[in-house]
Amino acid sequence: DVKVTQSSRYLVKRTGEKVFLECVQDMDHENMFWYRQDPGLGLRLIYFSYDVKMKEKGDIPEGYSVSREKKERFSLILESASTNQTSMYLCASTRTGGEYQPQHFGDGTRLSIL
Amino acid sequence: AQKITQTQPGMFVQEKEAVTLDCTYDTSDPSYGLFWYKQPSSGEMIFLIYQGSYDQQNATEGRYSLNFQKARKSANLVISASQLGDSAMYFCAMRGRGLGTDKLIFGTGTRLQVFP
């Protein structure tokens, strides 16, 4: 089975801090994604990566950056955390090619910015 | 524009009954895939079922089936014989070439509560 592991289930940080959320997958998937989930808004794509060192902005990239130095690891960075970035963050991965490929998700990180 | 719409914010169903969760979509892609995910209160997103746009038959996976009506652009999830453990958020999602690079777009979700 595909395993996507997020480094923290719960995280509390302060306004202005630099925050790192880590995600690792073990199935050699080319594509990795970071989503933000807020009540009533569903999942919104922040950034995704289709290869090592490659990244593309999603729908809501402002205030975030990402890093993919190795194929299995995709990091989300909040450069200067703000209270409006308090949310649930979900990482996902999938293989390239074919509309039938599901995305596989980690357990999520509930991030609170105080 | 590509869009997924889930019009039911919340649904209730009695244990052992069947329930249908609605999903409509909008796309101009000739080829696309539709997915349903379950999210329990613990937070993880669990892949349930997939339907391809060219599939002739409705998808089924155990107690889950997908009522796919292509002309109406709907892909409703049917859960038969509901169980208490089915209480969760359910998301409909779509993937297609027009979205680019294997991305999914999601609906806003439906919260299902199963009562004894």
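Residues numbered from 1 in each chain as written. Chains lettered and ligands numbered in written order. Predicted model: local features only at pLDDT ≥ 70, side-chain atom pairs only at ≥ 80, totals over all residues. Heavy atoms only, no water.

**Student:** Honestly, the packing of aromatic side chains in this entry has me stumped. Any pointers?
**Tutor:** Describing an aromatic ring pair means giving the distance of the ring centres and the angle of the ring planes. Taken as a whole and assessed by the stated rule, the structure comprises 13 aromatic pairs over all chains. The interplanar angle of 55° and the centroid separation of 5.2 Å between the aromatic rings of B:Tyr25 and B:Tyr32 together place this pair among those described as tilted. What makes B:Tyr25 buried here is its relative accessible area of 4%. The rings of A:Phe33, A:Tyr35, A:Phe48, A:Phe105, B:Phe35, B:Tyr37, B:Phe47, B:Tyr50 and B:Phe106 are connected pair by pair, giving a single aromatic cluster. Here the guanidinium or amino end of B:Arg63 rests over the ring plane of B:Tyr64, the centre of that ring lying 5.8 Å away. (Phe/Tyr/Trp six-rings, centres within 6.5 Å; stacked < 30°, edge-to-face > 60°. Buried < 20%, exposed > 50% of the residue type's maximum accessible area, 1.4 Å probe, protein only. Lys NZ or Arg CZ within 6 Å of the ring centre and 35° of its normal.)

**Student:** What is the right way to read unusual backbone geometry from this model?
**Tutor:** Glycine aside, a negative phi is what most residues show, and trans is what most peptide bonds show. Residue and element names in this part refer to chain A. Its identity is not glycine, yet Asp28 carries a phi of approximately 60°, on the positive side. Position of Asp28 relative to the elements: it lies in the loop between β3 (19-25) and β4 (31-38). The partly exposed category is assigned to Asp28, whose relative accessible area is 48%. Of note, the phi angle at Lys53 is positive, near 65°, even though the residue is not glycine. (Helix = DSSP H or I, 4+ residues; strand = E, 2+ residues; numbered from the N terminus.)

**Student:** Looking at this structure, how should I read the sheet that holds strand β1 (residues 4-6) of chain A?
**Tutor:** Paired through backbone hydrogen bonds, the strands of a sheet run either parallel or antiparallel to each other. Residues and elements named next belong to chain A. Taken together, the four strands give an open sheet; going across it, the order is β1-β3-β8-β7, and neighbouring strands pair in antiparallel fashion. Since the sheet does not close on itself, it has two edges, and those belong to β1 and β7 (64-70), each with one partner. Between one strand axis and the next, the sheet turns through 20° on average, direction left out of account. (Pairing = 2+ DSSP bridges. Axes fitted to C-alpha atoms, helices over the stretch in contact; angles between N-to-C directions.)

**Student:** Looking at this structure, I do not really get the state of the cysteines. What am I missing?
**Tutor:** Here a disulfide denotes one covalent bond, and it connects the sulfur atoms of two cysteines. Taken as a whole, this structure holds two disulfides over all chains when the rule is applied. Shown here is the disulfide that connects A:Cys23 with A:Cys91, its sulfur atoms set 1.9 Å apart. Judged by the torsion about the S-S bond (-80°), the A:Cys23/A:Cys91 disulfide is left-handed. With a gap of 68 residues between them, A:Cys23 in strand β3 and A:Cys91 in strand β9 (residues 87-94) connect regions that are remote in the sequence. Covalently, B:Cys23 is tied to B:Cys92 through a disulfide, its sulfur atoms 2.0 Å apart. A torsion of -65° about the S-S bond marks the disulfide between B:Cys23 and B:Cys92 as left-handed. Here B:Cys92 lies in strand β10 (residues 88-96) and B:Cys23 lies in the loop between β3 (19-21) and β4 (24-26), a separation of 69 residues in the sequence. The residues B:Cys23 and B:Cys92 share a single accessibility class, namely buried. (Disulfide = S-S within 2.5 Å.)

Shape is all these values report; function is a separate question.
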